[in-house]
Amino acid sequence: MSYQAKDYSKLIGMKGFSETLLKNHFTLYQGYVTNTNKAIDILEQMQKDGKTGTPEYAELKRRFGWEFNGMRLHEYYFENLGGKTALDHYGPLGKQMQCDLGSYEGWEKDFKATGSMRGIGWAVLYQDNTNGRLFNFWVNEHDVSHPAGCVPILIMDVFEHAFMLDYGLKRTDYIEAFFQNINWAAAESRLMPAKEK
Ligand SMILES: [Fe+2]
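Residues numbered from 1 in each chain as written. Predicted model: local features only at pLDDT ≥ 70, side-chain atom pairs only at ≥ 80, totals over all residues. Heavy atoms only, no water.

Novice: How would you explain the environment of C99 if you had to name every residue and give the values?
Specialist: As for its position among the elements, C99 is in helix α3 (residues 92–101). Assessed through its relative accessible area of 60%, C99 is described here as exposed. Taking the C-alpha atoms as reference points, C99 and L134, 35 residues apart in sequence, are found 9.0 Å from one another. (Helix = DSSP H or I, 4+ residues; strand = E, 2+ residues; numbered from the N terminus. Buried < 20%, exposed > 50% of the residue type's maximum accessible area, 1.4 Å probe, protein only.)

In C-alpha coordinates:
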(Lines give C-alpha, C1' and ligand atoms only; values in the text may rest on other atoms or scores of the structure.)
Protein backbone atom coordinates (compact mmCIF):
# COMPACT_ATOMS: atom_id res chain seq x y z
CA MET A 1 0.00 0.00 0.00
CA SER A 2 1.48 3.33 -1.06
CA TYR A 3 1.71 6.35 1.20
CA GLN A 4 -0.47 9.29 0.18
CA ALA A 5 0.53 12.91 0.67
CA LYS A 6 -1.80 14.69 3.10
CA ASP A 7 -3.39 18.05 2.36
CA TYR A 8 -2.25 20.84 4.66
CA SER A 9 -3.60 23.74 2.59
CA LYS A 10 -5.72 24.83 5.57
CA LEU A 11 -2.49 26.28 7.00
CA ILE A 12 -2.36 28.90 4.24
CA GLY A 13 -3.09 32.27 5.79
CA MET A 14 -1.25 31.47 9.00
CA LYS A 15 0.29 34.66 10.40
CA GLY A 16 4.03 34.88 9.79
CA PHE A 17 4.09 32.29 6.99
CA SER A 18 3.67 33.43 3.39
CA GLU A 19 1.55 31.44 0.97
CA THR A 20 4.56 30.95 -1.31
CA LEU A 21 6.71 29.56 1.49
CA LEU A 22 3.98 27.16 2.61
CA LYS A 23 3.20 25.98 -0.92
CA ASN A 24 6.90 25.33 -1.58
CA HIS A 25 7.08 23.42 1.68
CA PHE A 26 4.04 21.30 0.80
CA THR A 27 5.63 20.47 -2.57
CA LEU A 28 8.84 19.45 -0.87
CA TYR A 29 6.89 17.24 1.55
CA GLN A 30 5.05 15.61 -1.36
CA GLY A 31 8.47 14.77 -2.83
CA TYR A 32 9.36 12.82 0.30
CA VAL A 33 6.12 10.84 0.03
CA THR A 34 6.86 10.05 -3.63
CA ASN A 35 10.43 9.03 -2.87
CA THR A 36 9.40 6.91 0.11
CA ASN A 37 7.05 4.95 -2.16
CA LYS A 38 9.74 4.68 -4.83
CA ALA A 39 12.32 3.39 -2.35
CA ILE A 40 9.88 0.75 -1.08
CA ASP A 41 9.07 -0.42 -4.62
CA ILE A 42 12.69 -0.57 -5.76
CA LEU A 43 13.86 -2.36 -2.60
CA GLU A 44 11.07 -4.93 -2.97
CA GLN A 45 12.00 -5.54 -6.59
CA MET A 46 15.68 -5.92 -5.69
CA GLN A 47 14.73 -8.46 -3.02
CA LYS A 48 12.75 -10.45 -5.62
CA ASP A 49 15.67 -10.24 -8.05
CA GLY A 50 18.17 -11.51 -5.49
CA LYS A 51 20.13 -8.23 -5.44
CA THR A 52 20.20 -7.69 -1.66
CA GLY A 53 23.97 -8.21 -1.50
CA THR A 54 24.72 -5.32 -3.86
CA PRO A 55 26.08 -1.86 -2.99
CA GLU A 56 23.03 -0.36 -4.74
CA TYR A 57 20.69 -2.18 -2.37
CA ALA A 58 22.74 -1.10 0.66
CA GLU A 59 22.75 2.54 -0.39
CA LEU A 60 19.01 2.65 -1.06
CA LYS A 61 18.38 0.85 2.24
CA ARG A 62 20.33 3.63 4.00
CA ARG A 63 18.46 6.27 2.04
CA PHE A 64 15.08 4.81 2.98
CA GLY A 65 15.27 6.13 6.57
CA TRP A 66 16.00 9.62 5.29
CA GLU A 67 13.09 9.67 2.85
CA PHE A 68 10.64 8.04 5.28
CA ASN A 69 11.51 10.42 8.11
CA GLY A 70 11.41 13.36 5.69
CA MET A 71 7.81 12.37 5.00
CA ARG A 72 6.72 11.61 8.55
CA LEU A 73 8.46 14.52 10.31
CA HIS A 74 6.82 16.98 7.94
CA GLU A 75 3.43 15.44 8.77
CA TYR A 76 4.04 15.91 12.49
CA TYR A 77 5.26 19.45 11.83
CA PHE A 78 2.32 20.60 9.71
CA GLU A 79 -0.12 18.90 12.10
CA ASN A 80 1.27 20.76 15.10
CA LEU A 81 0.76 24.11 13.35
CA GLY A 82 -2.38 26.16 12.78
CA GLY A 83 -3.26 26.66 16.44
CA LYS A 84 -4.54 29.90 17.89
CA THR A 85 -4.47 29.36 21.63
CA ALA A 86 -1.62 29.17 24.12
CA LEU A 87 -0.76 26.02 26.03
CA ASP A 88 -2.70 25.53 29.24
CA HIS A 89 0.18 25.45 31.71
CA TYR A 90 -1.98 23.42 34.09
CA GLY A 91 -2.96 20.80 31.48
CA PRO A 92 -1.23 17.42 31.05
CA LEU A 93 1.62 18.72 28.87
CA GLY A 94 2.20 21.87 30.92
CA LYS A 95 2.33 19.82 34.11
CA GLN A 96 4.79 17.35 32.58
CA MET A 97 7.00 20.26 31.47
CA GLN A 98 6.98 21.62 35.01
CA CYS A 99 7.84 18.20 36.39
CA ASP A 100 10.73 17.48 34.00
CA LEU A 101 12.05 20.93 33.13
CA GLY A 102 11.05 23.11 36.06
CA SER A 103 8.61 25.30 34.15
CA TYR A 104 7.00 25.96 30.79
CA GLU A 105 9.34 28.93 30.38
CA GLY A 106 12.36 26.70 30.99
CA TRP A 107 11.15 24.27 28.35
CA GLU A 108 10.46 27.05 25.82
CA LYS A 109 13.90 28.59 26.33
CA ASP A 110 15.62 25.25 25.77
CA PHE A 111 13.44 24.32 22.76
CA LYS A 112 14.20 27.65 21.09
CA ALA A 113 17.90 27.24 21.85
CA THR A 114 17.79 23.75 20.33
CA GLY A 115 16.10 25.08 17.19
CA SER A 116 18.61 27.91 16.92
CA MET A 117 21.61 25.62 16.73
CA ARG A 118 23.73 25.90 13.62
CA GLY A 119 22.92 23.23 11.07
CA ILE A 120 19.84 21.87 9.36
CA GLY A 121 17.37 19.56 10.98
CA TRP A 122 14.59 19.52 13.51
CA ALA A 123 13.97 20.54 17.10
CA VAL A 124 11.79 17.89 18.68
CA LEU A 125 10.13 17.63 22.07
CA TYR A 126 10.16 13.91 22.76
CA GLN A 127 8.54 11.89 25.51
CA ASP A 128 10.37 8.83 26.75
CA ASN A 129 7.89 5.97 26.58
CA THR A 130 9.46 4.14 29.52
CA ASN A 131 8.87 6.81 32.16
CA GLY A 132 7.01 9.71 30.49
CA ARG A 133 9.94 12.09 30.79
CA LEU A 134 10.20 14.98 28.31
CA PHE A 135 13.39 15.92 26.45
CA ASN A 136 14.20 18.42 23.72
CA PHE A 137 16.25 16.77 21.00
CA TRP A 138 18.15 18.01 17.99
CA VAL A 139 17.61 15.76 14.96
CA ASN A 140 20.24 16.22 12.29
CA GLU A 141 18.85 16.23 8.73
CA HIS A 142 15.95 13.75 9.11
CA ASP A 143 17.55 10.64 10.44
CA VAL A 144 20.27 11.24 13.03
CA SER A 145 19.66 11.36 16.79
CA HIS A 146 16.09 10.17 17.17
CA PRO A 147 15.75 8.63 20.64
CA ALA A 148 14.64 5.02 20.18
CA GLY A 149 11.06 4.29 21.11
CA CYS A 150 10.25 7.84 22.22
CA VAL A 151 7.14 9.72 21.13
CA PRO A 152 7.45 13.03 19.24
CA ILE A 153 5.22 15.59 20.95
CA LEU A 154 6.15 18.84 19.18
CA ILE A 155 8.23 19.21 16.03
CA MET A 156 9.80 22.30 14.50
CA ASP A 157 11.44 22.26 11.07
CA VAL A 158 14.65 24.29 11.01
CA PHE A 159 15.84 23.43 7.54
CA GLU A 160 16.42 26.69 5.69
CA HIS A 161 13.52 26.02 3.30
CA ALA A 162 11.19 26.35 6.32
CA PHE A 163 11.98 30.05 6.79
CA MET A 164 14.48 31.63 4.39
CA LEU A 165 11.93 32.87 1.88
CA ASP A 166 10.16 34.89 4.58
CA TYR A 167 12.94 35.59 7.06
CA GLY A 168 16.28 35.28 5.27
CA LEU A 169 18.87 34.30 7.84
CA LYS A 170 16.72 35.45 10.77
CA ARG A 171 15.90 32.03 12.09
CA THR A 172 14.99 33.48 15.49
CA ASP A 173 12.13 35.47 13.93
CA TYR A 174 10.83 32.32 12.23
CA ILE A 175 10.96 30.46 15.55
CA GLU A 176 8.86 33.23 17.12
CA ALA A 177 6.33 32.92 14.27
CA PHE A 178 6.29 29.14 14.76
CA PHE A 179 5.50 29.63 18.44
CA GLN A 180 2.61 31.96 17.57
CA ASN A 181 1.01 29.17 15.54
CA ILE A 182 1.58 26.01 17.57
CA ASN A 183 -1.42 23.73 17.68
CA TRP A 184 -1.07 22.73 21.32
CA ALA A 185 -4.12 20.47 21.20
CA ALA A 186 -2.38 18.39 18.51
CA ALA A 187 0.84 18.27 20.53
CA GLU A 188 -0.97 17.34 23.73
CA SER A 189 -2.91 14.58 21.96
CA ARG A 190 0.44 12.83 21.30
CA LEU A 191 1.26 12.49 25.00
CA MET A 192 1.27 9.00 26.38
CA PRO A 193 -1.83 8.14 28.40
CA ALA A 194 -1.01 8.69 32.08
CA LYS A 195 -1.72 5.07 33.02
CA GLU A 196 1.04 3.81 30.70
CA LYS A 197 3.74 5.93 32.29
FE1 LIG B 1 10.79 20.99 5.72
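Okay, back to it.
Novice: An account of the sheet that holds strand β3 (residues 151–157) is needed here, citing residue identities and associated values.
Specialist: Strand order across the open sheet formed by three strands is β2-β1-β3, with antiparallel pairing between neighbours. Of all strands in the sheet, those bounded by a partner on one side alone are β2 (134–140) and β3. When the angles between neighbouring strand axes are averaged without regard to direction, this sheet yields 25 degrees. As paired strands, strand β1 (residues 121–127) and β2 are joined by seven bridges and run antiparallel to one another. From the neighbouring strand, G121 faces β2, where its bridge partner is N140. Lying on the sheet, helix α2 (residues 55–79) is in contact with β1 and β3; it crosses β3 at an angle near 85 degrees. (Pairing = 2+ DSSP bridges. Axes fitted to C-alpha atoms, helices over the stretch in contact; angles between N-to-C directions. Contact = heavy atoms within 4.5 Å.)

Novice: Hey, could you go over the pattern of salt bridges for me, with residue numbers and the actual values?
Specialist: As a working rule, side chains carrying opposite charge can pair if their charged atoms are close by. Under the definition given, this model contains seven salt bridges. Among the ionic pairs, K6 bridges to E79, the shortest N-O distance being 3.5 Å. With K6 in the segment before α1 (19–48) and E79 in helix α2, this pair connects stretches of sequence that are 73 residues apart. Relative accessible area serves as the criterion here: at 31%, E79 is assigned to the partly exposed category. Here E75 makes a salt bridge to R72, at a shortest N to O gap of 3.0 Å. With a gap of three residues between them, E75 and R72 both fall in helix α2, about one helical turn apart. (Salt bridge = Lys/Arg side-chain N within 4 Å of Asp/Glu carboxyl O.)

Novice: Break down the packing of aromatic side chains for me, citing the residues and quoting the values.
Specialist: Scanning the entire structure with this criterion turns up 22 aromatic pairs. Residues W107 and F179 carry aromatic rings whose centres are separated by 5.8 Å and whose planes lie at 45 degrees to one another, so their mutual orientation is tilted. Residue W107 is found in helix α4 (residues 104–115), and its partner F179 is found in helix α6 (residues 171–180); the two are separated by 72 residues along the sequence. Taking relative accessible area as the criterion, W107 reaches 0% and is therefore assigned buried. Relative to F179, the ring of F111 has its centre 6.0 Å away and its plane inclined at 70 degrees; by these criteria the two rings are edge-to-face. Of this pair, F111 sits in helix α4 while F179 sits in helix α6, and the two are 68 residues apart along the sequence. (Phe/Tyr/Trp six-rings, centres within 6.5 Å; stacked < 30°, edge-to-face > 60°.)

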